[in-house]
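# Per-entry structural report
Listed here are the chains, written in short residue letters.
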Amino acid sequence: MTKVLLTGGAGFIGSHTCLALLEEGLSVGVLDDFSNGSPEALRRVAELAGLGALRQESPGRWSTGDSGPADLTLLRGDVRCPGDLDRAFADGIGAVLHFAGLKAVGESVAQPLRYWDVNVTGSLRLLEAMGRHGCRTLVFSSSATLYGSTDRVPIPETAPLQPINPYGYTKAAVERMLADVAASSPGWRIARLRYFNPVGAHPSGRLGEDPSGSPNNLFPYLCQVAAGRRPRLDVFGGDWPTPDGTGVRDYLHVMDLAEGHRRALAVLEAEPPQLLTLNLGSGSGHSVLDLVRAFETTNGLAVPFSVVGRRPGDSAVSIADPQEAERRMGWRTRRSLADICRDGWAWQSANPGGFGEGESSLDG
Ligand code: UFG
């Protein structure tokens, strides 16, 4: 059986998808530099999948061994480094899920070259390595950020791409690169998955989002306010043209998103070579205040907030048209806003300090 490689598999979406693939009985390799992901997340993934300990095999390489139906290998490495990629592909990789990348909009404005380097050069090096190793199946983490501040509701995949910040431009560049590669020779099986707003956590409370520093995004910030780590939530704008004046987004549970990746991979492997482009969202919009109220009701907690000015670059409404994902791979979200709030709080309350630091949790 060939292995599936997850670049950035120690991050939020990568780690949840890793667990979903292991539970399917797949052999998974992870390449991660731990810049925004944690080895502890993967130690817990191995535990939740019933695989036992990740043991160090050599410097920067850990494995659960391949005794069971599923197995996990973890390599510390950089997706921009051909040598690190060659080490990952040496395990016999049949398909790649490419999560590795930077994703903070504000940071991308301040450090554009870093975003072009990690997101675009990283994807370029990965595609070169896939070429060297004869691997032509790839699922790419794209983003609804490509649609920019459109007024269209809901947004289909055919909507114009008009990113409005360096992060969005790098995602658009990689999407373009993938289309060019797919057109260059037959045999490529590529999916570009445009995520809307992934939130929530694994229901066990063992796995979740662990942003470094102050969270940029609403849901992890809200969770930290509920936990008392931060005094209050700033709601960015109460004067948007929405029913309650606060921004409306399409929040989807990270386990639904993980399932979307599993299905995309299955479709790519079952069907003739193709370039597949799909929105992954619920198709429903919720305002900031909807989310705050759902969190308070579900968890019996108060979340102090105050409405402040708008955040530059935000739009009023962003909601997916997810019909194509349902048509092409029978996928739609199954978990509710209450599920998101319950599971997110289970993670936050059980792990007030996140995963902790370093590789010390992995068996030395
Ligand atoms: N918001 C607040 N307070 C906060 C943080 C956010 O009120 O502290 C509001 C925002 O103004 C927005 C909503 O909550 O109305 C959601 O904001 P997020 O930062 O959680 O998410 P965004 O929709 O801005 O962006 C996210 C990712 C992007 C991705 C995009 C895709 O951060 O990388 O979803 O739709 F591209």
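Up top is the structure.
Residues numbered from 1 in each chain as written. Predicted model: local features only at pLDDT ≥ 70, side-chain atom pairs only at ≥ 80, totals over all residues. Heavy atoms only, no water.

### As for the site of the ligand
Around the ligand, a shell composed of 20 residues is seen, among which Ser143, Asn217, Asp234, Arg249 and Asp314 lie nearest. In the model, an oxygen atom of the ligand is placed 2.8 Å from a nitrogen or oxygen of the Leu218 main chain. Take Arg311: an N or O atom from its side chain is 2.8 Å from an oxygen atom of the ligand. In isolation the ligand has 690 Å² of accessible area, and contact with the protein removes 89% of it. Its residues placed into classes, the shell around the ligand shows 9 nonpolar, 6 polar and 5 charged. (Near = heavy atom within 4 Å. Polar contact = N/O pair within 3.5 Å; in protein donor to acceptor, adjacent residues only side chain to side chain. Areas by Shrake-Rupley, 256 points an atom, 1.4 Å probe, with all protein chains shown as cover. Nonpolar A, V, L, I, M, F, W, Y, C, P; charged D, E, K, R; others polar.)

### Remarks on the sheet that holds strand β1 (residues 3–7)
Taken together, 9 strands build an open sheet; the order of strands is β3-β4-β5-β2-β1-β6-β7-β8-β13 and the sheet is mixed. Each edge of the open sheet is held by one strand with a lone partner, namely β3 (55–58) and β13 (275–280). Ignoring strand direction, the axes of neighbouring strands in this sheet form an average angle of 20°. Bridge count between strand β6 (residues 93–98) and strand β7 (residues 137–143): 3 bridges; the pairing is parallel. Across the sheet, His98 pairs through a bridge with Phe140, a residue of β7. (Pairing = 2+ DSSP bridges. Helix = DSSP H or I, 4+ residues; strand = E, 2+ residues; numbered from the N terminus. Axes fitted to C-alpha atoms, helices over the stretch in contact; angles between N-to-C directions.)

### What about the pairing of β3?
In this sheet, strand β4 (residues 61–63) lies alongside β3 in antiparallel orientation, the contact comprising 3 bridges. When the sheet's bridge partners are listed, Ser58 is paired in β4 with Arg61.

### As for the nonpolar core
Ranked by size, the top nonpolar core spans 53 residues in total, and within it Leu6, Cys18, Leu72 and Leu280 carry the most contacts. In this structure, Cys18 is in contact with Leu6, Val28, Val30, Leu42, Val45 and Leu72, ignoring residues within four places of it in sequence. (Core = buried A, V, L, I, M, F, W, Y, C linked by side-chain atoms within 4.5 Å. Buried < 20%, exposed > 50% of the residue type's maximum accessible area, 1.4 Å probe, protein only. Contact = heavy atoms within 4.5 Å.)

### Examining the sheet that holds strand β14 (residues 286–287)
The strands making up a sheet associate through hydrogen bonds between their backbones, and the pairing can be parallel or antiparallel. Read across the sheet, 3 strands follow the order β14-β11-β16 without closing on themselves; strand pairing throughout is mixed. Two strands bound the open sheet, and with one partner strand each, they are β14 and β16 (317–318). Where strand β11 (residues 248–249) lies against β16, 2 bridges are found, and the strand directions are parallel. Bridging from a neighbouring strand, Arg249 pairs with Ser318 of β16.

### A closer look at the side chain of Asp256
Within the fold, Asp256 resides in helix α8 (residues 254–270). Non-local contacts of Asp256, meaning those with residues more than four positions away in its chain, are made with Trp331, Thr333, Arg334 and Arg335.

### A word on the packing of aromatic side chains
How two aromatic rings sit relative to each other is set out by the distance from centre to centre and by the angle between their planes. What the rule picks out here adds up to 5 aromatic pairs. With a centroid separation of 6.4 Å and an interplanar angle of 55°, the aromatic rings of Phe34 and Trp62 are classed as tilted. Of this pair, Phe34 sits in the loop between β2 (27–32) and α2 (39–48) while Trp62 sits in strand β4, and the two are 28 residues apart along the sequence. In this structure, Phe34 and Trp62 share a single accessibility class: buried. Aromatic side chains Trp347 and Phe355 sit 4.8 Å apart centroid to centroid with 45° between the ring planes, which places their arrangement in the tilted category. Looking at Trp347, the relative accessible area reads 5%, which means it is buried. Within the aromatic cluster, the residues linked to one another by ring pairs are Phe219, Phe295 and Trp345. (Phe/Tyr/Trp six-rings, centres within 6.5 Å; stacked < 30°, edge-to-face > 60°.)

### Overview of the pattern of salt bridges
Inspection of every chain in the model, using the stated rule, returns 28 salt bridges. With a closest N to O distance of 2.8 Å, Arg327 and Glu324 form a salt bridge. Of this pair, Arg327 and Glu324 both sit in helix α10 (residues 323–329), 3 residues apart, which is roughly one turn of the helix. The exposure class assigned to Glu324 is partly exposed, which follows from its relative accessible area of 26%. One network of salt bridges, in which partners are shared, links Glu40, Arg43, Arg44, Glu47 and Arg206. (Salt bridge = Lys/Arg side-chain N within 4 Å of Asp/Glu carboxyl O.)

### Thoughts on the packing of helix α3 (residues 82–89) against helix α5 (residues 112–133)
Relative to each other, α3 and α5 sit at 45°, their axes nearing to 10 Å. Between α3 and α5, the interaxial angle falls into the category oblique. Of the two elements, α3 crosses α5, and the hand of that crossing is right-handed. Counted together, Pro82, Leu85, Asp86 and Phe89 of α3 and Arg125, Leu126, Ala129, Met130, Arg132 and His133 of α5 form the full contact between these two elements. Of the residues in the contact of α3 with α5, the class split is 6 nonpolar, 1 polar and 3 charged. (Parallel < 35°, antiparallel > 145°, perpendicular 65-115°, else oblique. Left-handed = near helix turned anticlockwise from the far one by under 90°.)

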